[in-house]
Amino acid sequence: MTKSRIAAVDVGNDALKANFGKMENEYYIPNVIARDMEDRPVIGIEDLDEKDPIDNLHIKVHSPALEENNAVYRVGNLATKTNNSTELDPGSSKSEEDQTLVMLFASIALDAVNSKAFKASKNDVIDANYTLGTGLPLREVKEGKDVGYRSQLLGSVHQVEFLVTPQHQGKKVNIKFDEVKVYPEGFAAYVNLIMDNNLNIINKELIDKQILIQDIGGLSTDIAVIRNRNVDDDKAQGFHLGVAESLEEIREEIRTRHGVELDSRRDVVDIITRKNDRHHIMVKGSRTNVHDITDRILLELAKKEYRYLRNVWQRNSQSEICYFVGGGSAVLKDYLKALNNKLDGFNIEFFEDENESIWMMANAYYKLVTDFVNKTTAKETKEQAAATKEK
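Being a predicted model, the structure only gives us computed values, none of them experimental.

Asks: A description of the sheet that holds strand β2 (residues 15-20) should follow, citing residues and the corresponding values.
Replies: Judged by pairing direction, the sheet is mixed, and its nine strands sit side by side in the order β3-β2-β1-β7-β9-β8-β5-β6-β4 without closing on themselves. Edge strands, defined here as strands with exactly one partner in the open sheet, are β3 (25-30) and β4 (33-35). Put simply, the sheet's adjacent strands are angled 30 degrees from each other on average, direction ignored. As defined by bridge partners, strand β5 (residues 57-62) adjoins strand β6 (residues 71-75) across five bridges and the pair is classed as antiparallel. Pairing of Ile59 across the sheet is with Tyr73, part of β6. Lying over the sheet, helix α1 (residues 98-114) contacts β1 (5-11), β2, β3, β4, β5, β6, β7 (125-136), β8 (157-162) and β9 (172-184), oriented at roughly 145 degrees with respect to β3. Along the sheet, helix α3 (residues 145-153) contacts β7, β8 and β9; its crossing angle with β9, the most-contacted strand, is approximately 160 degrees.

Here it is as structure tokens:
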């Protein structure tokens with residue numbers, strides 16, 4: 001039997017974050033794709049292999065799970081440089097979008113060609129088996145969409161062919177999933193809070209508390225109510241509100257007022273969160289402050305997010321703390337803190353390390369799927385030992 005490799009993939013609305021194997025490979029890829037032709041023109045083609053593959057992902061994807069099969073895409077950073085790039089639209093369901101699957105397959109194929117776990121055939125074809133841990137917003141899980149999403153992935157071979165991609169041109173990866181675990185995102189965040197990478201319990205004081213986890217993403221917000229170490233399905237709520245629309249609003253206002261065209265929402269996030277020159281752009285070579293634009297739009301969004309928190313806390317009055325997680329929380333942190341200090345004074349917590357908040361889901365999926373693999377292996381070993389003893 002071919003050995004199955006662990007993949008823990010968070011296809012976030014802003015970017016994909018993924019951990020593989022024993023965490024020796026990790027990838028961060030902006031969630032942007034663009035349809036393309038197979039033989040894209042490249043300036044300095046002879047120097048192609050000196051470039052970073054992750055910045056030049058150009059692939060063809062074949063999968064029965066896709067509505068548009070055998071399509072060619074630029075993925076991630078390469079896609080942001082085109083004028084036909086697409087990002088997930090507000091109101092869309094992550095589990096029903098081709099873009100989610102294209103991003104997922106691209107990251108796994110990239111791991112497969114960079115991993116020593118699989119060997120390529122003479123024709124540069126790699127057969128790669130994975131045990132996948134991933135997740136969906138609470139709203140989609142409550143609607144039962146995780147079942148269809150999982151069945152799309154299982155039982156089929158999904159092929160990624162690298163086209164004009166540095167170091168990997170002509171390679172094909174046949175991806176097969178031995179198991180797919182789809183977790184609700186709010187519960188995954190909780191697991192990450194109480195368990196380290198070695199699956200040891202940390203933060204023991206949280207285990208028996210009733211806590212809230214508000215996960216602010218690009219397209220949606222989930223508020224999980226954790227009670228008795230589980231998500232309370234009846235109390236958990238998902239909302240069609242994330243930071244994507246506000247980022248687009250900022251992008252459009254910068255274009256209208258300053259004549260500056262930003263490539264994607266990713267560029268807006270960078271302007272808002274970077275350490276130096278935050279809230280500044282270059283206009284005709286001059287450093288220009290856009291704080292009035294970002295402040296006004298983000299404060300309005302923070303007020304809406306705060307209302308969600310207030311409403312859920314009122315219905316779950318015995319909650320002791322709310323943790324804000326997700327890329328949207330990193331963007332809105334200062335605004336939410338200021339509102340809370342001025343208004344209700346709830347016991348809320350942010351992760352001061354923005355990287356920790358952004359990677360929280362991918363890390364949680366890794367812990368959950370690793371725990372699943374360990375328990376499955378232990379069970380199989382026990383059954384084999386019992387069978388041998390009977391002989």
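Asks: Describe the pattern of salt bridges, with residues and values.
Replies: Applying the stated criterion across every chain yields a total of 27 salt bridges. Its salt-bridge partner being Arg74, residue Asp36 comes within 2.9 Å of it at the nearest N-O pair. Residue Asp36 is found in the loop between β4 and β5, and its partner Arg74 is found in strand β6; the two are separated by 38 residues along the sequence. Judged by relative accessible area, Arg74 falls into the buried class, the value being 15%. Between Glu87 and Arg265 there is a salt bridge, with the nearest N and O atoms lying 3.5 Å from each other. With Glu87 in the loop between β6 and α1 and Arg265 in helix α6 (residues 265-273), the pair connects residues that are 178 residues apart, well separated along the chain. With relative accessibility at 14%, the residue Glu87 sits in the buried group. Connected through salt bridges with shared partners, the residues Glu87, Glu248, Arg251 and Arg265 form a single ionic network.

Asks: Hey, could you go over the packing of aromatic side chains for me, with residue numbers and the actual values?
Replies: As enumerated under the stated definition, the model contains eight aromatic pairs in all. Aromatic pair Phe118 and Tyr130: ring centres 5.5 Å apart, planes at 50 degrees, arrangement tilted. Placement of Phe118 in the loop between α1 and β7 and of Tyr130 in strand β7 is noted, with a sequence separation of twelve residues between them. Each of the two residues, Phe118 as well as Tyr130, counts as buried. An aromatic cluster is built from Phe20, Tyr27, Phe118 and Tyr130, whose rings are joined through pairwise contacts.

Asks: Residue-level account of the side chain of Glu253, with values.
Replies: Residue position: Glu253 is located in helix α5 (residues 244-258). The class for Glu253 is buried, based on a relative accessible area of 19%. Within the local environment of Glu253, its side chain forms a polar contact with the side chain of Arg257, the two groups lying 2.7 Å apart. If we ignore the near neighbours within four places in the chain, the residues touching Glu253 are His258, Ile293, Arg296 and Ile297.

Criteria and thresholds
- Residues numbered from 1 in each chain as written.
- Predicted model: local features only at pLDDT ≥ 70, side-chain atom pairs only at ≥ 80, totals over all residues.
- Heavy atoms only, no water.
- Pairing = 2+ DSSP bridges.
- Helix = DSSP H or I, 4+ residues; strand = E, 2+ residues; numbered from the N terminus.
- Axes fitted to C-alpha atoms, helices over the stretch in contact; angles between N-to-C directions.
- Contact = heavy atoms within 4.5 Å.
- Salt bridge = Lys/Arg side-chain N within 4 Å of Asp/Glu carboxyl O.
- Buried < 20%, exposed > 50% of the residue type's maximum accessible area, 1.4 Å probe, protein only.
- Phe/Tyr/Trp six-rings, centres within 6.5 Å; stacked < 30°, edge-to-face > 60°.
- Polar contact = N/O pair within 3.5 Å; in protein donor to acceptor, adjacent residues only side chain to side chain.

By themselves, these observations are geometric and do not establish any function.
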